[in-house]
Amino acid sequence: MTSSPKLVQAKVRARSNIALVKYWGKADAALNIPAVGSISITLDGLWTDTEIRFDDSLNADRLVLNGTERADQLDRVSRCLDLVRAQAGTESKAWVTSENNFPTGAGLASSASGFAALVGAATAALEFDCPPRELSILARRGSGSAARSLFGGFVEMHKGEAADGSDSFAEPLLAAPDWPLSVLVAITEKSEKAVGSGPGMALSAQTSPFYKDWVTFHPPDLDAARDAIAARDFSALADVSEWSCLKMHASAMSTVPPLLYWNGATVDCLNRVRALRADGVPVFFTIDAGPQVKAVCLPGAEEDVRRAIESVPGVREVLATGLGPGLERLE
Ligand code: DP6
């Protein structure tokens, strides 16, 4: 008698997030424990949909990303799936099919939504009941920023103190509807970046003369952002977010060889946003490890901000979104 292979599947959506207080640097590379905490917002309109199908007849995992099989990214995905398999008690390999509705690998946090969706889909498919804190720890092992993408609205990632990373997890601070903000993303380049965040921050830690101070002076920024969010104080959140962004990029730029993630249009957008803010428009900028500029504003300012950044030469497209929810089960 032959038994048919076990086949379990699930499909989920996880949204991208952008950090307002940035994560840059690791306390432990093997366990992917961040050297600093971070605070982010989850973006409603930028997401990864991932379907996982565990299949006993497979002898290796398979990954299809945006319609193309990506053997080059399989190792990182399989290592994260191995952690889920170990906890869920299975050795089955999986088909992973993932689609991003935004450019992959260009500073729009595709690894954040990607690994959040991966652990969300894998645990759902295996019917492994994983509490949110533990799920965020699994996502962190795939990508630090992914721990935050499991939750909606404003989210804090704790760096933790434990050597095993058991207190390095993310949790929600404030739900999206409790303080609606708009985010306009100026896309200035669509190709994948040359140096990803992980290798970039490792190099900064090794070579930037400013890295030690970046880590030392980071905790007050978390306190300031947490307080600003609790008080819905836009101006205070704007100040600390822009400062954290520029300090992170100062660490990156002072790396050897230097990591300059910006192009001319990035700088022009940044200046446009600063000029608007100086004119009293409630808006601030943030930039991750890539050339896109995210302008965060109060919803009433969205059209002014869009007009201002859309007309910057070199801006190819402006995406507009609000803040969104955490992980969603699709099927
Ligand atoms: C600049 O989460 O991509 O976007 O943990 O190595 O996967 P790994 O790094 P990743 O780093 C994100 C860095 C950042 C800032 C942030 O999102 O906090």
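Structure: see above.
A short tour of the structure in this document, coming up. Computed from a prediction, not measured in an experiment: that's the story for all the values here.

1. What about the overall build of the chain?
(1) Moving on: Scanning the chain from N- to C-terminus turns up 10 helices and 14 strands.
(2) Moving on: Within the chain, the proportion of its 331 residues that are buried is 54%.
(3) Moving on: The long-range fraction of contacts in the chain, counting pairs at least 24 apart against all pairs at least 6 apart in sequence, stands at 77%.
(4) Moving on: Roughly 13700 Å² of accessible area belongs to the chain as shown, and the carbon and sulfur atoms make up 53% of that amount.
(5) Moving on: Within the chain, the 41 negative side-chain charges are centred at a point lying 3 Å from the centre of the 32 positive side-chain charges.

2. Section: the site of the ligand
(1) Moving on: Taken together, 18 residues are adjacent to the ligand, and Tyr23, Lys26, Ser143, Gly144 and Ser145 come closest.
(2) Moving on: Contacts to the ligand include Arg148, whose side-chain N or O atom sits 2.8 Å from an oxygen atom.
(3) Moving on: Computed on the free molecule, the ligand has an accessible area of 460 Å², of which 93% lies beneath the protein chains in the complex.
(4) Moving on: No other element matches helix α5 (residues 197-207), which puts three residues into the shell around the ligand.
(5) Moving on: Among the residues forming the shell around the ligand, the class breakdown is six nonpolar, seven polar and five charged.

3. Considerations on the pattern of salt bridges
(1) Moving on: Within this structure, the stated rule accounts for 21 salt bridges.
(2) Moving on: In this structure, Arg15 engages Glu328 in a salt bridge whose closest nitrogen and oxygen atoms are separated by 3.1 Å. Taken together, the residues span a long stretch of sequence, with Arg15 in strand β1 (residues 7-21) and Glu328 in strand β14 (residues 328-329) at a distance of 313 residues.
(3) Moving on: Overall, the relative accessible area of 30% leaves Glu328 in the partly exposed class.
(4) Moving on: The partner of Asp304 in a salt bridge is Arg307, with the nearest N and O atoms 2.9 Å apart.

4. Quick notes on the sheet that holds strand β10 (residues 182-187)
(1) Moving on: Strand order in the open sheet formed by four strands is β11-β12-β10-β13, with antiparallel pairing between adjacent strands. If you trace the sheet from one side to the other, it starts and ends with β11 (283-286) and β13 (317-322), each paired once. For this sheet the average axis-to-axis angle between neighbouring strands, irrespective of direction, equals 20 degrees.
(2) Moving on: Where helix α8 (residues 234-253) meets the sheet, it contacts β11 and β12 (293-297), and its direction lies at approximately 20 degrees from that of β11.

5. Concerning the packing of aromatic side chains
(1) Moving on: Tallying each qualifying case throughout the model produces three aromatic pairs.
(2) Moving on: A centroid spacing of 5.5 Å and a plane angle of 15 degrees characterise the contact between Phe154 and Trp179, whose relative ring orientation is stacked. Residue Phe154 is located in strand β8 (residues 154-157), and its partner Trp179 is located in the loop between β9 (170-174) and β10; the two are separated by 25 residues in the primary sequence. By the burial criterion, Phe154 is buried, and Trp179 matches it.
(3) Moving on: Looking at Arg133, its charged tip hangs above the ring of Phe169, at a distance of 4.0 Å from the centre.

6. Description of the environment of Ser208
(1) Moving on: Structurally, Ser208 can be placed in the loop between α5 and α6 (211-216).
(2) Moving on: Residues Ser208 and Thr255 lie 47 residues apart in sequence; the distance between their C-alpha atoms is 4.4 Å.
(3) Moving on: Discounting residues that sit within four places of it in the chain, Ser208 has contacts with Leu203, Ser251, Ser254 and Thr255.

7. Regarding unusual backbone geometry
(1) Moving on: Cis geometry marks the peptide bond from Val256 to Pro257, where omega comes out at -5 degrees.
(2) Moving on: Within the secondary structure, Pro257 is located in the loop between α8 and α9 (264-278).
(3) Moving on: In the Ramachandran plot, Asn32 falls in the positive-phi region, its phi being about 50 degrees despite a non-glycine side chain.
(4) Moving on: Residue position: Asn32 is located in the loop between β2 (26-28) and β3 (33-34).
(5) Moving on: The backbone of Glu127 sits at a positive phi, close to 50 degrees, despite the residue not being glycine.
(6) Moving on: Tracing the chain through its elements places Glu127 in the loop between α2 (110-125) and α3 (132-142).

8. Examining the packing of α9 against helix α10 (residues 302-310)
(1) Moving on: Direction vectors running N to C along α9 and α10 enclose 145 degrees, while the axes themselves pass 9 Å from each other. As for how α9 packs across α10, the hand of that crossing is right-handed. Along its contact with α9, which presents Cys269, Arg272, Val273 and Leu276, the element α10 presents Asp304, Val305, Ala308 and Ile309.
(2) Moving on: Residues that form the contact of α9 with α10 fall into these classes: six nonpolar, no polar and two charged.

9. Describing the nonpolar core
(1) Moving on: Core analysis: the largest hydrophobic core is formed by 34 residues, its most contacted members being Trp24, Val283, Val305 and Ile309.
(2) Moving on: Elements that contribute at least two residues to this core include exactly β10, α6, α8, α9, β11, β12 and α10.
(3) Moving on: In terms of residue count, α9 provides more of this core than any other element does, four residues in total.
(4) Moving on: In contact with Val283, other than residues within four places in its own chain, are Phe234, Glu242, Val273, Leu276, Arg277, Ala295, Val296, Cys297 and Val305.

10. With respect to the side chain of His249
(1) Moving on: Relative to the elements of secondary structure, His249 occurs in helix α8.
(2) Moving on: The contacts of His249, once residues within four sequence positions are left out, are Tyr261, Trp262, Ile287 and Asp288.

Rules and cut-offs
- Residues numbered from 1 in each chain as written.
- Predicted model: local features only at pLDDT ≥ 70, side-chain atom pairs only at ≥ 80, totals over all residues.
- Heavy atoms only, no water.
- Helix = DSSP H or I, 4+ residues; strand = E, 2+ residues; numbered from the N terminus.
- Buried < 20%, exposed > 50% of the residue type's maximum accessible area, 1.4 Å probe, protein only.
- Contact = heavy atoms within 4.5 Å.
- Areas by Shrake-Rupley, 256 points an atom, 1.4 Å probe, with all protein chains shown as cover.
- Lys, Arg positive; Asp, Glu negative; His and termini not counted.
- Charge placed at Lys NZ, Arg CZ, Asp CG, Glu CD.
- Near = heavy atom within 4 Å.
- Polar contact = N/O pair within 3.5 Å; in protein donor to acceptor, adjacent residues only side chain to side chain.
- Nonpolar A, V, L, I, M, F, W, Y, C, P; charged D, E, K, R; others polar.
- Salt bridge = Lys/Arg side-chain N within 4 Å of Asp/Glu carboxyl O.
- Pairing = 2+ DSSP bridges.
- Axes fitted to C-alpha atoms, helices over the stretch in contact; angles between N-to-C directions.
- Phe/Tyr/Trp six-rings, centres within 6.5 Å; stacked < 30°, edge-to-face > 60°.
- Lys NZ or Arg CZ within 6 Å of the ring centre and 35° of its normal.
- Left-handed = near helix turned anticlockwise from the far one by under 90°.
- Core = buried A, V, L, I, M, F, W, Y, C linked by side-chain atoms within 4.5 Å.

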